[in-house]
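# Analysis of the macromolecular model
Letter by letter, the chains look like this.
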Amino acid sequence: MKTIITLVFFGLALTQFSANAQSLSIEEVENSIKPDGKYAILASNRRIFESSVRNGENFRTKFPDSEFQIVVVGPIVKELAEDESLIPFVEKCKTNGVKIVLCQAAMAHLGVKKEDLHPYIQTTIGAYQYMFGLQENGFRTLMP
């Protein structure tokens, strides 16, 4: 009986939350971002990486007390080591305080060494483990 009551209560609460989120305007949703929030995006290709850099730049400009990280896995890891056209994106991150963290497992798989990377870029043993750690530390994360 207790379980049924709990499930009914949870269902009602979820329905109310869903209804509230759907009734918000786009502007209200965009303005609900916390000025001191913590955000991270997992970038697995160039398009997502470049978009993440632009978003990080916008976040840090609008919300200087926020934290923004880009966690990199997949083919973009090799591109960051070899494609000089990505250096301005890394420099934008450095200028705006957007942290870039690359997956060492992807680096090993793609034959990328730490010395091949821009000095601003940091590395982690595993991108997914790092993302889970960010979540445990209060970050809102996106894994597109």
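Coordinates for the structure precede this section.
Residues numbered from 1 in each chain as written. Predicted model: local features only at pLDDT ≥ 70, side-chain atom pairs only at ≥ 80, totals over all residues. Heavy atoms only, no water.

Ranked by internal contacts, the top residues of the largest apolar core, which has 35 residues, are Phe49, Ile70, Val72, Leu80, Ile100 and Leu102. Those elements that provide at least two residues to this core are strand E1 (38–43), helix H3 (46–62), strand E2 (67–72), helix H4 (76–82), helix H5 (87–96), strand E3 (99–103), helix H6 (104–110) and helix H7 (127–136). Per-element tally for this core: the top contributor is E1, with five residues. (Core = buried A, V, L, I, M, F, W, Y, C linked by side-chain atoms within 4.5 Å. Buried < 20%, exposed > 50% of the residue type's maximum accessible area, 1.4 Å probe, protein only. Helix = DSSP H or I, 4+ residues; strand = E, 2+ residues; numbered from the N terminus.)

As a further point, take the pairing of E2. Burial of E2 is extensive: five of the six residues sit out of reach of the surface. Two strands pair when backbone bridges link them, and E1 and E2 are joined in this way by six bridges, in the parallel orientation. From the neighbouring strand, tyrosine 39 faces E2, where its bridge partner is phenylalanine 68. Once you follow E1 into H3 and on to E2, the crossover reads as right-handed. Note that E2 and E3 share four bridges and pair parallel. Bridge pairing in E3 links valine 72 to leucine 102. (Pairing = 2+ DSSP bridges. Right-handed = clockwise from strand over helix to strand, strands pointing away.)

Time to look at H5. Think of an α-helix as turning once every 3.6 residues; residues three or four places apart then point the same way. All buried positions along H5 are accounted for by Phe89, Val90, Cys93 and Asn96. Here the buried residues of H5 occupy an arc of 135 degrees about the axis, which is enough to place them on one side. Those residues of H5 hidden inside the fold are in contact with H3, E2, H4 and E3. A positive phi of about 70 degrees marks glycine 97, the residue just after H5. (Arc of directions from axis to C-beta. Contact = heavy atoms within 4.5 Å.)

Let's shift gears to the packing of aromatic side chains. Summed over all chains, the structure comprises three aromatic pairs. Where tyrosine 39 meets phenylalanine 59, the ring centres are 5.0 Å apart and the plane angle is 65 degrees; that geometry is what we call edge-to-face. Here phenylalanine 59 lies in helix H3 and tyrosine 39 lies in strand E1, a separation of 20 residues in the sequence. Summarising the burial analysis for this pair, tyrosine 39 and phenylalanine 59 share the class buried. Ring geometry for phenylalanine 59 versus phenylalanine 63: centroids 6.1 Å apart, planes at 65 degrees, classification edge-to-face. Here phenylalanine 59 and phenylalanine 63 have matching classes, each one buried. (Phe/Tyr/Trp six-rings, centres within 6.5 Å; stacked < 30°, edge-to-face > 60°.)

Here we come to the side chain of serine 66. Following the sequence through the fold, serine 66 ends up in the loop between H3 and E2. Here serine 66 is in contact with Pro35, Asp36, Gly37, Phe59 and Arg60, once residues within four sequence places are set aside.

If you walk through the whole model with that rule in mind, you get four salt bridges. Close ionic contact of aspartate 83 with arginine 46 constitutes a salt bridge, the shortest N to O distance being 2.7 Å. Linking aspartate 83 in the loop between H4 and H5 with arginine 46 in helix H3, this pair joins segments that are 37 residues apart in sequence. On the basis of relative accessibility, which here comes to 27%, the residue aspartate 83 falls in the partly exposed class. (Salt bridge = Lys/Arg side-chain N within 4 Å of Asp/Glu carboxyl O.)

Here we come to H3. End to end, H3 covers 24 Å across 17 residues, agreeing with the expected 24 Å (1.5 Å per residue, within 8%). Each element contacted by the buried residues of H3 is listed here: E1, E2, H4, H5 and E3. Sitting at the head of H3, asparagine 45 places a side-chain oxygen 3.1 Å from the backbone nitrogen of arginine 47. (Expected span 1.5 Å × (residues − 1). Polar contact = N/O pair within 3.5 Å; in protein donor to acceptor, adjacent residues only side chain to side chain.)

Don't take any of this as a statement about function, it's just geometry.
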